[in-house]
Amino acid sequence: MSVAKITAETIRTMKARGEKIPALTAYDFPMTRLLDQVSVPLILVGDSLGMVVLGYPDTTQVTMDEMEHHVRAAGRAKPRALLVADLPYRSYESVDSAVKNARRLMTAGAEAVKAEGGKAILEEVRAIRAAGIPFLGHLGMLPQHVHEEGGYRIKGKKEPEHQALLCDADALVEAGAFGIVLELVAAPVAKELTQRIPIPTIGIGSGPDCDGQILVTPDLLGMLPWFSLKHVKPRLNAAEQMRTVIGEWKDSVTKEE
Ligand code: KIV
C-alpha cells in the first residue's frame, strides 16, 4: 500500500478511480493520530468542535482563535491524511478576511480549508484558491446559518432548493473546490449532484450515493448520549463504557483502607 502523503488532489482523483472516501472529524492530537492509524484519508477539524468539545449550543460561537488552537493540536500528529480545517462563522465575510483567515489556519497546520455556501461566497472561494489554498465546499444544511434557518432540516426536497443546490455545486466546481460536503441533502438530490459534478461529494445524512461519507467522530463513537441524530447510529457506547470504567476506578480508590 502506498504511504504517500494524501493531498487535496489525491482526494479529488479518488472519485475518478471509483474509490469511496471515508472522512471523520478530529479536534486534537490523539484522535488525529488514531484516525490516521486506520488510514482515514480525510480528517476534518470541524467547527462542530463548538458543540462536541466546547459546550456551545451550535457552531456560531466558534472563533478563529479556537479553531487555530485545535488545528495546531491536530496538526502535531502530522497525519498522512489530508487535514482540513473549517473557517468559522463570520471569518470569511469578505475576500480579504477569507484569505487572511484561511492563511492563519494553514499556518496552524491545516492543508485545506472548508467554508459553508455556494454562489454567496464565490468571490471568497476564488480568492482562497488564488492564494494557493485547497478548498472544500459545504452545501445543504449549513450549520453556521442555523439561526436564519430556524433549525436543522433536510435540504433539496423543494424544487427551488434543488435548483439552488445544482447552481451552487456548479459554481464551487468552477471556483476550484476539490470536493463538496453535502449535509442533510435529500438522498435523490445528493445522488444527482454526485453524478453531475466531476469532484467528489462527501455526504453526511445525505444518503448512500455520495462519493464519500463524513461523520462527527464523537457521534460515531457514542460519546455524546445527550445528542441523538437520525443519520448516525453510534457503533460504540463510549460514554457508557467510560462511565463504567471511571466509576470502577473511583470505587477502587474510595474503598481502599
Ligand atoms: O464541523 C463539522 O464537523 C462539519 C461536518 C458536519 C461535515 O462540518
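Right above here is the structure, for reference.
These notes cover the structure that comes with them. Counting of residues starts from 1 at the beginning of each chain's written sequence and follows it residue by residue. Two thresholds apply to this predicted model, a pLDDT of at least 70 for residue-level local features and 80 or more for giving and counting side-chain atom pairs, whereas whole-chain, interface and lining totals are computed over all residues. With hydrogens and water stripped out, all remaining heavy atoms of the structure feed into the side-chain values.

## Quick look at the overall build of the protein
This is how it is decided: Numbering of helices and strands runs from the N terminus; a helix is a DSSP stretch of H or I covering at least four residues, while a strand is a stretch of E covering at least two. The globule rule used for comparison is 2.2 Å times the number of residues to the exponent 0.38, while the radius of gyration itself is calculated over C-alpha atoms. Buried means the residue's accessible area, taken with a 1.4 Å probe over protein chains only, is under 20% of the maximum for its type, while exposed means over 50%, and partly exposed covers the values in between. Contacts are assigned to residue pairs that have any heavy atoms within 4.5 Å of one another. We get accessible surface area from the Shrake-Rupley algorithm with a probe of 1.4 Å; when it comes to residues, only the shown protein chains can shield them. Residues scored as charged are limited to Lys and Arg (positive) and Asp and Glu (negative), so that His and the chain ends carry no count. Taken as the charge location is NZ of Lys, CZ of Arg, CG of Asp or CD of Glu.
The helix and strand inventory of the protein stands at 11 helices and eight strands. A globule of 257 residues ought to have a C-alpha radius of gyration of about 18 Å, and the protein, at 19 Å, matches this closely. Based on the C-alpha atoms only, the size of the protein along its principal axes is roughly 70 × 40 × 40 Å. Counting the 257 residues in the protein, one finds 51% classified as buried. Counting only contacts in the protein whose residues sit at least 6 apart along the sequence, the fraction spanning at least 24 positions is 60%. For the protein, the computed accessible surface area is about 12,700 Å², with 57% contributed by carbon and sulfur atoms. Distance from the positive charge centre (30 side chains) to the negative charge centre (33 side chains) of the protein: 3 Å.

## Points about the nonpolar core
Condition: Only buried residues count toward a nonpolar core, which is a set of Ala, Val, Leu, Ile, Met, Phe, Trp, Tyr and Cys residues joined through side-chain atoms within 4.5 Å.
Core analysis: the biggest nonpolar cluster contains 53 residues, and V71, L105, V113, I128, F135, I180 and L182 have the highest contact counts within it. Per-element tally for this core: the top contributor is helix α8 (residues 159-175), with six residues. Setting aside its immediate chain neighbours within four residues, L182 contacts L139, A190, L193, T201, I202, G203, I204, S206 and C210. If you look at the next biggest cluster of nonpolar residues, it comprises 17 residues, including I6, I11, A23 and F178.

## What to know about the sheet that holds strand β8 (residues 212-215)
Applied cut-off: By this definition, two strands are paired if DSSP reports at least two bridges between them. Only the contacting stretch of a helix is used when fitting its axis, a line to C-alpha atoms as for every element, and angles between N-to-C directions run 0 to 180 degrees.
Taken together, eight strands build a closed barrel; the order of strands is β1-β2-β3-β4-β5-β6-β7-β8 and the barrel is parallel. For this sheet the average axis-to-axis angle between neighbouring strands, irrespective of direction, equals 25 degrees. Packed onto the sheet, helix α4 (residues 64-75) meets β2 (42-45) and β3 (82-86) and runs at close to 170 degrees relative to β3.

## Side note on helix α6 (residues 122-130)
Taken residue by residue, α6 has L122, E124, V125, A127 and I128 as its buried positions. Packing partners of the buried residues in α6 comprise α5 (95-108), β4 (112-114), β5 (135-140) and α8.

## Some details on the layout of surface pockets
Applied cut-off: Cavities and pockets were defined on a 1 Å grid built from protein atoms only: a cavity is a group of points that admits a 1.4 Å probe but offers it no way out, a pocket is an open group of points flanked by protein on both sides within 12 Å along at least five of seven lines, and a lining residue is one with an atom within 4 Å of any such point. Grid points are joined across faces, edges and corners, and a volume is the space filled by probe spheres set on the points. Three residue categories are used. Nonpolar comprises Ala, Val, Leu, Ile, Met, Phe, Trp, Tyr, Cys and Pro, charged comprises Asp, Glu, Lys and Arg, and polar comprises the others, including Gly.
Of the voids in this model, the largest pocket is the one considered here, and its volume is about 510 Å³. Considering the residues around the largest pocket, the lining is formed by 27 residues, among which S48, P143, E183, I204 and V216 are closest to the centre. Counting only elements with at least two residues in the lining of the largest pocket, the list comes to α3 (49-52), β6 (179-183) and β8. Among the residues forming the lining of the largest pocket, the class breakdown is 13 nonpolar, seven polar and seven charged. Quantified by volume, the second largest pocket comes out at close to 270 Å³. If you go around the second largest pocket, you meet 16 residues; those closest to its centre are G117, G140, L142, K155 and D168. Elements with a contribution of two residues or more to the lining of the second largest pocket: β5, α7 (146-149) and α8. The element that contributes the greatest number of residues to the lining of the second largest pocket is α8, accounting for four residues.

## Re the side chain of N101
Selection rule: A 3.5 Å cut-off defines polar contacts: any pair of N or O atoms within that distance qualifies, except that in protein one atom must be a possible hydrogen donor and the other a possible acceptor, and neighbouring residues in sequence count only when both atoms are side-chain atoms.
Residue position: N101 is located in helix α5. On the basis of relative accessible area, N101 is assigned to the buried category, the value being 6%. From its side chain, N101 meets the backbone oxygen of S91 in a polar contact 2.8 Å long. The residues contacting N101, other than those within four sequence positions of it, are M64, L87 and S91.

## A few points about the site of the ligand
What counts, and what does not: Residues are counted as near a molecule or strand when any one of their heavy atoms sits within 4 Å of it. Whether a molecule sits in a cavity or pocket is decided by its atoms, more than half of which must lie within 2 Å of the grid points.
Around the ligand, a shell composed of 13 residues is seen, among which G46, D47, S48, D86 and K114 lie nearest. A distance of 3.0 Å is found between an oxygen atom of the ligand and a side-chain nitrogen or oxygen belonging to D86. Expressed as a share of its isolated accessible area of 260 Å², the protein-covered part of the ligand is 95%. Mapping the ligand onto the cavity grids shows that it belongs to the largest pocket. Partitioning the shell around the ligand into residue classes produces five nonpolar, four polar and four charged.

These values are about where atoms sit, not about what they do.
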